[in-house]
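The residues making up each chain are set out below.
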Amino acid sequence: MNRIFLYFFIVLFCTTPLLVTEEVKFLAYNVYLRPDPVGWWDYKPERFAELPEAVRPYDVIGLSEVFDDARRAKWVDLFSSTHPYCIQPPHKNNFTNGGIMLFSRYPIVESATTIYRDADNWDYFADKGVIWARIKLPNEEMVEVAVTHAQAGGDYRPIRAKQFQQMQEFLEQKQGNHPLVMLGDFNVRADEGDEYFDMMKAFKQPMDVFRAFTKAPGYTSNGEENPLTGGSGKKRIDYVFMHDHQKKARIKNSAVNKFAMMHPLPGKTEFLSDHYAVDATLVLGAENRTFSSNVFCSPQISLELPKDFVSSSTSLPEGNLSLHDSKGQVWQESFSLINNHAKIGFAQVPSGRLLLQVNFADRKFTKVVSLDSNTSVHVLLPFGSGNCQYLCPSSEQESIEIRLMSGGVYCEKKVLPGEEVVFSSLPEGKYQFSAQVGEKTYRGNFSLKEGETKSLENLFELEEEGIQGIASSNTKRVALVSLDEKNKHFQALVKEGKFFLRGATPGLYKLIWEEHNKDTVVISLIENQEISSELDLDMLLQERSNDVLQKAFPLRKR
């Protein structure tokens, strides 16, 4: 009898599928990449140089305000190896797209988008809406994800209510018997007022994952410490919501991630966005049991220079290696290269995906690595035989800060008038270039071949043709967006009431200008305007005052 029972037990055990859970890291992040030329003060190139690598450790990423086509395409290209599944923002015939994106490490088996029928103010010009996707996890379970960015502004509660109703109806048409995770900037203050409770009611009482995990305030917009935000208010308006009627999910962790810049701009910004992100680690599976595991490891990391590398100096300086987790914690060790090699050991580092950064004197290199208890990571340092140089004219009145960026490679130097700066031992590739000269920022792109020496002087050459104009003393910047040539724009600072839009030619434009009035920045927009070789902004404002759309913001302190 016992033998029969044992045989039955073995057969049952071997034929019953093993129920496996999957740990998935979700991120909701408004990345503040508004379409050019709007927001020329917000340092988009410098922030975007770090943004993709900063969020790469997450599995499912819901982004807001990725309006710019070129940066969005660059993001897709950079993520092609780790997050090949992507849904672009909805867009019909409006001025710009909805700005939301979804990246997934795991296959998207079905997806759909919708555009909100109701919008007002500046949101009227963007196709804001919802992205929905069904994602297949490695354990064969499905999870559904929705990403949105609701109407901005405290005076637009009725608009948001209509958007939430439309979003809920849209999701009910799509949703199956799977956990649903909702990511985004909902522009509703948490834990205060009745709009938060009305929003939760509209979405059929989802779980506010951050609040379910912790009682911390969790401000995702904090003007007291983030100069990009403006003002002094603190509020939680970005969320991870979840519906889990089948009880297939468990919260392992949730936090607000400030995403500080690794290369901050002193006096300008230390953060990658005007918002902070909210993340959540969820354990998903058909049988969601509590389990324990060793969450720490002691990895060994080896660094190596290319075999054919020849340093331009007698020896490379000492450097340091740091590991950064998604919560902002940092582990750092110094090293010296001996025979072009170095080995660095770390103790008690969290397992999982971390950002590795190698620092030399004027060079930094970043790479995402996966660590576990037996990890040994080998990193080939990005050094090559290419060089870039720039001779600063002695006529310049101030120093110039020059930055070169290529993927995970980042170089920065300051050059004085009459001085020559050289970036040596660079690897072959495509580079972004920026140079800060006082308030002016020059940007460009170039390709560098192996063994090539590239002169950067031509990136400072400016075209002489352009449109000149006059404006009031309050006007600080003027920009034109060509309606004849898609996405081409020109911008200029106003000095002593005069400006020069270098490279612009007479034609039909969208005209945008910025004024500073006490503690307020006012952005003005005229949709269609024929511009000649001379532009009197004040006179034009009087002539077309009824056609001007204006928006006021708190003045950002720099």
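Residues numbered from 1 in each chain as written. Predicted model: local features only at pLDDT ≥ 70, side-chain atom pairs only at ≥ 80, totals over all residues. Heavy atoms only, no water.

On to the overall build of the protein. Along its length, the protein carries eight helices and 40 strands. The proportion of buried residues among the 558 residues of the protein is 51%. If you take every contact in the protein between residues at least 6 apart in sequence, the share linking residues at least 24 apart comes to 68%. About 26900 Å² of surface is accessible on the protein, with carbon and sulfur atoms providing 49% of the total. (Helix = DSSP H or I, 4+ residues; strand = E, 2+ residues; numbered from the N terminus. Buried < 20%, exposed > 50% of the residue type's maximum accessible area, 1.4 Å probe, protein only. Contact = heavy atoms within 4.5 Å. Areas by Shrake-Rupley, 256 points an atom, 1.4 Å probe, with all protein chains shown as cover.)

Topologically, Glu 304 is positioned in strand β18 (residues 300-304). Look at Glu 304: it is buried, it has no salt bridge, and the nearest opposite charge is Lys 307 at 5.7 Å. Reaching out from Glu 304, the side chain makes a polar contact with the side chain of His 378 at a distance of 2.6 Å. With residues up to four places along the chain from it excluded, the contact list for Glu 304 reads Asn 340, His 341, His 378, Val 379, Leu 380 and Leu 381. (Lys, Arg positive; Asp, Glu negative; His and termini not counted. Salt bridge = Lys/Arg side-chain N within 4 Å of Asp/Glu carboxyl O. Polar contact = N/O pair within 3.5 Å; in protein donor to acceptor, adjacent residues only side chain to side chain.)

Its identity as a non-glycine residue notwithstanding, Lys 204 has a phi of 65 degrees, on the positive side. In this fold, Lys 204 is placed in the loop between α6 (195-202) and β9 (207-208). Overall, Lys 204 belongs to the partly exposed group, its relative accessible area being 49%. You will see that Phe 259, though not glycine, has its phi angle at about 50 degrees, which is positive. In this fold, Phe 259 is placed in the loop between β13 (249-257) and β14 (260-265). On the accessibility criterion, Phe 259 (8% relative accessible area) is buried.

Quick look at the packing of aromatic side chains now. Taken as a whole and judged by the stated rule, the model has 19 aromatic pairs. Between the aromatic rings of Tyr 29 and Phe 259, the centroid separation amounts to 4.9 Å while the plane-to-plane angle is 25 degrees, which identifies the pairing as stacked. Pair noted here: Tyr 29 is in strand β1 (residues 22-33) and Phe 259 is in the loop between β13 and β14, with a separation of 230 residues, a long-range link. No difference in accessibility class separates Tyr 29 from Phe 259, as the two residues are buried. Ring geometry for Phe 271 against Tyr 276: centres 5.4 Å apart, planes inclined by 55 degrees, an arrangement best described as tilted. Through a chain of ring-to-ring contacts, the aromatic side chains of Phe 164, Phe 186, Tyr 196, Phe 197, Phe 203, Tyr 239 and Phe 241 assemble into a single cluster. (Phe/Tyr/Trp six-rings, centres within 6.5 Å; stacked < 30°, edge-to-face > 60°.)

Quick look at the sheet that holds strand β33 (residues 466-470) now. Ordered by their spatial adjacency, three strands build an open sheet running β36-β33-β39, and the pairing between neighbours is mixed. Because the sheet does not close on itself, it has two edges, and the strands there are β36 (498-502) and β39 (534-536). Each strand of the sheet is rotated relative to its neighbour by a mean of 20 degrees, with strand direction disregarded. In terms of strand pairing, β33 meets β36 through five bridges, oriented antiparallel. Note that in β36 the partner of Gly 466 across the bridge is Arg 502. (Pairing = 2+ DSSP bridges. Axes fitted to C-alpha atoms, helices over the stretch in contact; angles between N-to-C directions.)

What follows covers the sheet that holds strand β5 (residues 108-115). Strand order in the open sheet formed by six strands is β5-β6-β7-β8-β12-β9, with mixed pairing between adjacent strands. Two strands bound the open sheet, and with one partner strand each, they are β5 and β9. When β5 meets strand β6 (residues 129-136), the two strands line up antiparallel, connected through seven bridges. Within the sheet, the bridge partner assigned to Thr 114 lies in β6 and is Val 130. Running over the sheet, α6 touches β9 and β12 (238-243) and is turned about 35 degrees from β12.

The subject of this paragraph is the nonpolar core. One finds Ile 301, Leu 303, Phe 335, Val 358, Leu 381, Ile 402 and Leu 404 to be the most contacted residues of the largest nonpolar core, which totals 45 residues. Ranked by the residues each element gives to this core, the list is headed by strand β30 (residues 429-437), at four residues. Residues contacting Ile 402, with those up to four places away along its chain left out, are Tyr 390, Cys 411, Glu 412, Lys 413, Val 415, Val 421, Phe 423, Phe 433, Ser 434, Ala 435 and Leu 456. (Core = buried A, V, L, I, M, F, W, Y, C linked by side-chain atoms within 4.5 Å.)

This brings us to the pattern of salt bridges. Two side chains of opposite charge can pair, provided their charged atoms sit close to one another. Within this structure, the stated rule accounts for 24 salt bridges. Lys 44 serves as the salt-bridge partner of Asp 42, at 3.1 Å between the closest nitrogen and oxygen. For Lys 44, a relative accessible area of 2% puts it in the buried group. Measuring nitrogen to oxygen at the nearest pair gives 3.8 Å for the salt bridge that ties Glu 224 to Lys 234. With a gap of 10 residues between them, Glu 224 in the loop between β10 (221-222) and β11 (234-235) and Lys 234 in strand β11 connect regions that are remote in the sequence. Classification of Lys 234 as partly exposed rests on a relative accessible area of 34%. What you see here is one network of salt bridges that share partners, running through Arg 34, Asp 42, Lys 44 and Arg 47.

This part covers the packing of helix α5 (residues 157-174) against α6. Following both chains from N to C, one finds α5 and α6 inclined at 20 degrees, their axes separated by 9 Å at the closest point. Of the possible angle classes, the one that applies to α5 and α6 is roughly parallel. The two elements α5 and α6 meet at a crossing, and its hand is right-handed. Listed contacts from α6 to Arg 157, Arg 160, Phe 164 and Gln 168 of α5 are Glu 195, Asp 198, Met 199 and Ala 202. Taken together, the residues that form the contact of α5 with α6 break down as three nonpolar, one polar and four charged. (Parallel < 35°, antiparallel > 145°, perpendicular 65-115°, else oblique. Left-handed = near helix turned anticlockwise from the far one by under 90°. Nonpolar A, V, L, I, M, F, W, Y, C, P; charged D, E, K, R; others polar.)

Structural measurements only, silent on function.
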